[in-house]
Amino acid sequence: MPTAVAAPSTVQLEAAIDKGLAALVKLQDANGAIGEGAGITALGGMALLAGGHTPVRGQYNEACRKALRYVISRQDRASGYLGNDYGNMYGHGFATLFLAECYGMEPSEPVRRSLEASIDLIHRSQNAEGGWRYQPVPVDADLSVTICQVMALRAAWNVGIGGKPSVDASARAIAYVRRCATGGGGFAYTAGGGGWGTEGAEGVPRAAAGAMSLIGAGVHDLSDVHLGPSLRFIRRFVPGHLGSSNYFWYGQYYASQAMFHSPEAEDWERYWGQASAAILSRQAPDGTWPGVEGPGAAYGTAMALIILQIPNQYLPIFQR
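Only a predicted model underlies this, so the values are computations on that prediction, with no experimental measurement involved. (Residues numbered from 1 in each chain as written. Predicted model: local features only at pLDDT ≥ 70, side-chain atom pairs only at ≥ 80, totals over all residues. Heavy atoms only, no water.)

Enquirer: Please clarify how the overall build of the protein should be interpreted in this entry.
Expert: Counting secondary structure elements, the protein contains twelve helices and two strands. Secondary structure elements in the protein, listed N-terminal to C-terminal, are α-α-α-α-α-α-α-β-β-α-α-α-α-α. At 18 Å, the protein has a C-alpha radius of gyration in line with the 20 Å of a compact globule built from 320 residues. Viewed in the frame of its principal axes, the protein has a C-alpha envelope of about 45 × 45 × 30 Å. For the protein, with 320 residues in total, the buried portion stands at 57%. (Helix = DSSP H or I, 4+ residues; strand = E, 2+ residues; numbered from the N terminus. Rg over C-alpha atoms; globule rule 2.2 N^0.38 Å. Buried < 20%, exposed > 50% of the residue type's maximum accessible area, 1.4 Å probe, protein only.)

Enquirer: Help me understand the environment of Ile34, please; the structure alone is not making it clear to me.
Expert: On the secondary structure map, Ile34 appears in the loop between helix 1 (10-26) and helix 2 (37-50). The class for Ile34 is buried, based on a relative accessible area of 1%. With ten residues separating them in the primary sequence, Ile34 and Gly44 have C-alpha atoms 6.3 Å apart. Contacts of Ile34, omitting those with residues within four sequence positions, involve Leu24, Leu27, Gln28, Ile40, Thr41, Gly44, Gly45, Ala67 and Ala298. (Contact = heavy atoms within 4.5 Å.)

Enquirer: Looking at this structure, I do not really get helix 6 (residues 143-158). What am I missing?
Expert: An α-helix turns once every 3.6 residues. As a result, residues three or four positions apart point the same way. Under the 1.5 Å per step criterion, the end-to-end length of helix 6 is 22 Å for 16 residues, consistent within 8% with the ideal 22 Å. Of all 16 residues that make up helix 6, 13 are buried, and the element is covered over most of its length. Positive phi appears at Gly160, one or two residues downstream of helix 6, with a value of about 90°. (Expected span 1.5 Å × (residues − 1).)

Enquirer: In this structure, what is going on with the packing of aromatic side chains? I would like to understand it.
Expert: Inspection of the entire model under this criterion finds ten aromatic pairs. A ring pair is formed by Tyr90 and Tyr250, whose centres lie 6.2 Å apart and whose planes are at 85°; its orientation type is edge-to-face. With Tyr90 in helix 4 (residues 88-105) and Tyr250 in helix 10 (residues 248-261), this pair connects stretches of sequence that are 160 residues apart. Among the residues examined, Tyr90 registers a relative accessible area of 22% and is labelled partly exposed. (Phe/Tyr/Trp six-rings, centres within 6.5 Å; stacked < 30°, edge-to-face > 60°.)

Enquirer: I tried to follow the pattern of salt bridges on my own but got confused; where do I start?
Expert: When the charged atoms of two side chains with opposite charge come close together, those side chains can pair. Evaluated as defined, the whole model comprises nine salt bridges. Taking the shortest distance from any N to any O, the salt bridge between Asp224 and Arg178 comes out at 2.8 Å. You can see Asp224 sitting in the loop between helix 8 (204-216) and helix 9 (227-242) and its partner Arg178 sitting in helix 7 (residues 163-180), a full 46 residues away along the chain. You can call Asp224 buried: its relative accessible area is 14%. Three or more residues are tied together by salt bridges with common partners; here these are Arg133, Asp140 and Asp142. (Salt bridge = Lys/Arg side-chain N within 4 Å of Asp/Glu carboxyl O.)

Enquirer: Can you help me understand unusual backbone geometry in this one?
Expert: When glycine is set aside, most residues are seen to have a negative phi, and most peptide bonds are trans. Even without glycine at this site, Asn88 takes up a positive phi of about 40°. Here Asn88 shows up in helix 4. Asn88 sits in the partly exposed class, given a relative accessible area of 22%. Here Val292, not a glycine, exhibits a phi torsion of approximately 55°, which is positive. Within the secondary structure, Val292 sits in the loop between helix 11 (265-281) and helix 12 (297-308).

Enquirer: Looking at this model, I keep getting lost on helix 4. Mind explaining?
Expert: Compared with the 26 Å implied by 1.5 Å per residue over 18 residues, the 26 Å span of helix 4 between its first and last C-alpha is a close match. Burial within helix 4 is extensive, with 15 of its 18 residues counted as buried.

Enquirer: Explain the packing of helix 3 (residues 61-73) against helix 4 here, please?
Expert: The axes of two packed helices give the description: the angle between them and the distance between them. Where helix 3 contacts helix 4, the two axes come as close as 11 Å, and the packing angle between them is 130°. For the element pair helix 3 / helix 4, the angle class is oblique. Classified by chirality, the crossing of helix 4 by helix 3 is left-handed. Every residue of helix 4 that contacts helix 3 at Cys64, Ala67, Leu68, Val71 and Ile72 is listed here: Ala95, Phe98, Leu99 and Cys102. Here the contact of helix 3 with helix 4 is built from residues that sort into nine nonpolar, no polar and no charged. (Axes fitted to C-alpha atoms, helices over the stretch in contact; angles between N-to-C directions. Parallel < 35°, antiparallel > 145°, perpendicular 65-115°, else oblique. Left-handed = near helix turned anticlockwise from the far one by under 90°. Nonpolar A, V, L, I, M, F, W, Y, C, P; charged D, E, K, R; others polar.)

Next comes the structure, spelled out in structure tokens:
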């Protein structure tokens, strides 16, 4: 369990976020890339959007605009794939989510075309089980890649992209996610699996991915046989995960969203006091956060800023 730390004040939190955003922008290359590939750049762009910095307004509008242009430039024109560089279908899912959020906040025809192509690829690459895997082909599936596509589908659907094919894909994804449930709130990496990463603090990343897959696909009832137990699992074990290095950012990225969207208001209040303190304690003097499990400071800084700015509710996907 992590050592108890007092929740940061609003002044401390805002100062850390301001320092982090300035540091993130310094990590951006001249071509708009933040870190490596479209996926990490998209996370950086999401961090800017979460602070109100869109491609056309806000202090860092130019940085967000350059990130958006870079992500679109990395798209394969024939297939719509955005994961050819670092990140494969993880990168594609994050990049598609960023496109959807940009389109929802500042609609434009180029972003719409890119988003439609990205969503079409997600439709085509869903496998027979209802999930997705590392490559954009409908062969096999795992929970960690599936949640990235579910959230991208939901974000695009929220802005009028995807239509019935996305509704159908989400329904099949719910069925797949339910087959990954292990009982007691945990989730396995693949359907019918088990073992490491399903219990205690180690199980938080997958429990959070499972919970947000269900929430993102439209399941919100605490009496649901899998959602209710998964939220209780996260509530119980997330303090231990906050003190670990086990897929820290990936786990907290989804745990924070699950707690924010939980029908139990106390879940977010309890989580926020613990998580905000733990995340601020990891910030480096230069304003960045370490990547931990990911590719360097761009990844860690983007993830930290996204989580810390969830209460802003600027990003449509985070709005209650």
